[in-house]
Amino acid sequence: MITKTDKLLKKLIALHPKYIDLSLTRLKILLKKLGNPHHQLPPTIHIAGTNGKGSTLSFIKNILEQNNYSVHTYTSPHLEKFRERISLNNKTINANKLLRCLEKVKKINNNNPITFFEITTAAAFVLFAKHKADFLILETGLGGRLDATNIIPKKLLSIITSIGIDHEEFLGNSLKKITAEKLGIIKNTKEVIIAKQNKEVGDFIIKKLKNVNNVIYYKKNFNFRIINKKKFKYKFKNFEKIFLAKIYIGMITHDVMKISNKASNCKKFLIKLARNKLIKPNKLYRIIELRLKRFMGAFNL
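Quick look at the structure, then. (Residues numbered from 1 in each chain as written. Predicted model: local features only at pLDDT ≥ 70, side-chain atom pairs only at ≥ 80, totals over all residues. Heavy atoms only, no water.)

1. Here we look at the side chain of H46
Then, in step 1: By the secondary structure assignment, H46 is in strand β1 (residues 44–48).
Then, in step 2: Accessibility expressed as a relative area gives 0% for H46, which makes it buried.
Then, in step 3: Only 3.0 Å separates the side chain of H46 from the side chain of K155, close enough to count as a polar contact.
Then, in step 4: Residues within four places of H46 in sequence aside, it is in contact with L138, T140, T149, N150, K155, L157, S158, I159 and I185. (Helix = DSSP H or I, 4+ residues; strand = E, 2+ residues; numbered from the N terminus. Buried < 20%, exposed > 50% of the residue type's maximum accessible area, 1.4 Å probe, protein only. Polar contact = N/O pair within 3.5 Å; in protein donor to acceptor, adjacent residues only side chain to side chain. Contact = heavy atoms within 4.5 Å.)

Below, the structure is given as structure tokens:
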């Protein structure tokens, strides 16, 4: 059944001749008309990379929720319904609330050219600003530097997951060019976490971020060692423990936020949580990845 939201989303797609046209100019103009909601967001965790963005978001979201924090999230693409992209206070957004917000943003945009991702991101920012939460977790749509999510002025934490060949027609035809685009989210951020990378990417990141403070690198500042298919050993500063899932980015995020007093009450992160709450999202995203590859070509999560 085609809903009112489905019909409206089709109209939003038609606002720009290209589905992807990386720029922040159009979005900046629209957000100003909306009262700059991106300046009124909760403390934000921003995630970019080629692989693992979605599962990393799920891990962090679950950690925070289990410690009684309210969390907004923004991710893409969706599996069945567009509203899966937006969660408010730990719950997928209500269909009617989403529809009303999209209608408002469309009206204010007044049919000016803007891409689908840009205008729907603007709507998401309106919702995130209107509803209070302890944290907001944003996943980039494509790249980083010119991605619509990167228009926000400041961030609590920026995370770079594993980087590989990714949308070369938009990001560049080499790993270094692609990596540079992903690193574009690192601006006005209190902390940066760099996940495990191949040598070429890792060396390039270290060189590019040599003047950036508070960067936490895999191996240099935190580490994990796989024991077997079900267990790994995690180490950060003086803490070392064995866990039952490969969730080291979620772990290091938790610990960095704890040090910066943004999640100082996180004491419930137990093996039970890793087993019961954090493995399932990863499996789900793997299933989605395999299904989307069949219909959309190469797709990275």
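Back to the text.
2. Here's the deal with the pairing of β1
Then, in step 1: Within β1, 5 of the 5 residues are buried, which leaves the element mostly enclosed by the surrounding structure.
Then, in step 2: The side-chain alternation of β1 yields two buried faces, one formed by T44, H46 and A48 and the other by I45 and I47.
Then, in step 3: Where β1 meets strand β5 (residues 135–139), 4 bridges bridge the pair, whose relative direction is parallel. Note on β5: the bridge partner recorded for I45 is I137.
Then, in step 4: Bridge analysis of β1 against strand β6 (residues 155–160) gives 4 bridges, and the strand direction is parallel. Note that in β6 the partner of A48 across the bridge is I160. (Pairing = 2+ DSSP bridges.)

3. Notes on the sheet that holds strand β4 (residues 91–92)
Then, in step 1: One open sheet holds the 8 strands; their spatial order is β4-β3-β2-β5-β1-β6-β7-β8, and the pairing between them is mixed. The two strands at the open ends of the sheet, each matched to only one other strand, are β4 and β8 (215–217).
Then, in step 2: Here strand β3 (residues 86–88) pairs with β4 via 2 bridges, running antiparallel. Paired with S87 across the strands is T92, a residue of β4.

4. A word on the nonpolar core
Then, in step 1: Ranked by size, the top nonpolar core spans 36 residues in total, and within it I86, V105, F125 and F128 carry the most contacts.
Then, in step 2: Secondary-structure elements contributing two or more residues to this core are α1 (4–13), α2 (25–33), β3, α4 (95–109), α5 (116–130) and β5.
Then, in step 3: The element best represented in this core is α5, accounting for 10 residues.
Then, in step 4: Those residues in contact with I86 that sit more than four places away from it in its chain are T73, Y74, K91, T92, I93, L98, A124, L127 and F128.
Then, in step 5: Core analysis: the second largest hydrophobic core is formed by 20 residues, I47, I193, F222 and Y234 among them. (Core = buried A, V, L, I, M, F, W, Y, C linked by side-chain atoms within 4.5 Å.)

5. Here we look at the packing of aromatic side chains
Then, in step 1: This structure, assessed with the given rule, holds 6 aromatic pairs.
Then, in step 2: Arranged with centres 6.3 Å apart and planes meeting at 75°, the rings of Y74 and F128 form a pair that is edge-to-face. Of this pair, Y74 sits in strand β2 (residues 71–74) while F128 sits in helix α5; the two residues are 54 residues apart in sequence, bridging distant segments of the chain. Across the pair, exposure class does not vary: Y74 and F128 are buried alike.
Then, in step 3: Linked through ring pairs, Y19, F82 and F116 together constitute an aromatic cluster. (Phe/Tyr/Trp six-rings, centres within 6.5 Å; stacked < 30°, edge-to-face > 60°.)

6. Comments concerning the pattern of salt bridges
Then, in step 1: Using the criterion set out here, one finds 6 salt bridges in the structure.
Then, in step 2: Its salt-bridge partner being R26, residue D21 comes within 3.2 Å of it at the nearest N-O pair.
Then, in step 3: When its relative accessible area of 26% is taken as the criterion, D21 is described as partly exposed.
Then, in step 4: For D203, the salt bridge goes to K199, with nearest N and O atoms at 2.7 Å. In this pair, D203 and K199 both sit in helix α8 (residues 199–208), 4 residues apart, roughly one turn of the helix.
Then, in step 5: For K199, a relative accessible area of 66% corresponds to the exposed category. (Salt bridge = Lys/Arg side-chain N within 4 Å of Asp/Glu carboxyl O.)

7. Side note on the packing of α4 against α5
Then, in step 1: Across the interface, α4 lies against α5 with an axial gap of 9 Å and an inter-helix angle of 120°. Classified by the angle their axes make, α4 and α5 are oblique. Relative to α5, α4 is oriented so that their crossing is right-handed. Two secondary-structure elements touch here, α4 through K97, L98, C101, L102, K104, V105, K106 and N109 and α5 through I119, T120, A122, A123, V126 and L127. (Axes fitted to C-alpha atoms, helices over the stretch in contact; angles between N-to-C directions. Parallel < 35°, antiparallel > 145°, perpendicular 65-115°, else oblique. Left-handed = near helix turned anticlockwise from the far one by under 90°.)

8. Considerations on the environment of R26
Then, in step 1: Looking at where R26 falls in the secondary structure, it is placed in helix α2.
Then, in step 2: Of the residues examined, R26 reaches a relative accessible area of 18% and is grouped as buried.
Then, in step 3: When the C-alpha atoms of R26 and I114 are compared, they prove to be 6.1 Å apart, with 88 residues separating the residues in sequence.
Then, in step 4: Sequence-distant contacts of R26, defined by excluding residues within four places in its chain, comprise H16, D21, P113, I114, T115 and E118.
Then, in step 5: A polar contact is formed between the side chain of R26 and the backbone oxygen of D21, at a distance of 2.5 Å.

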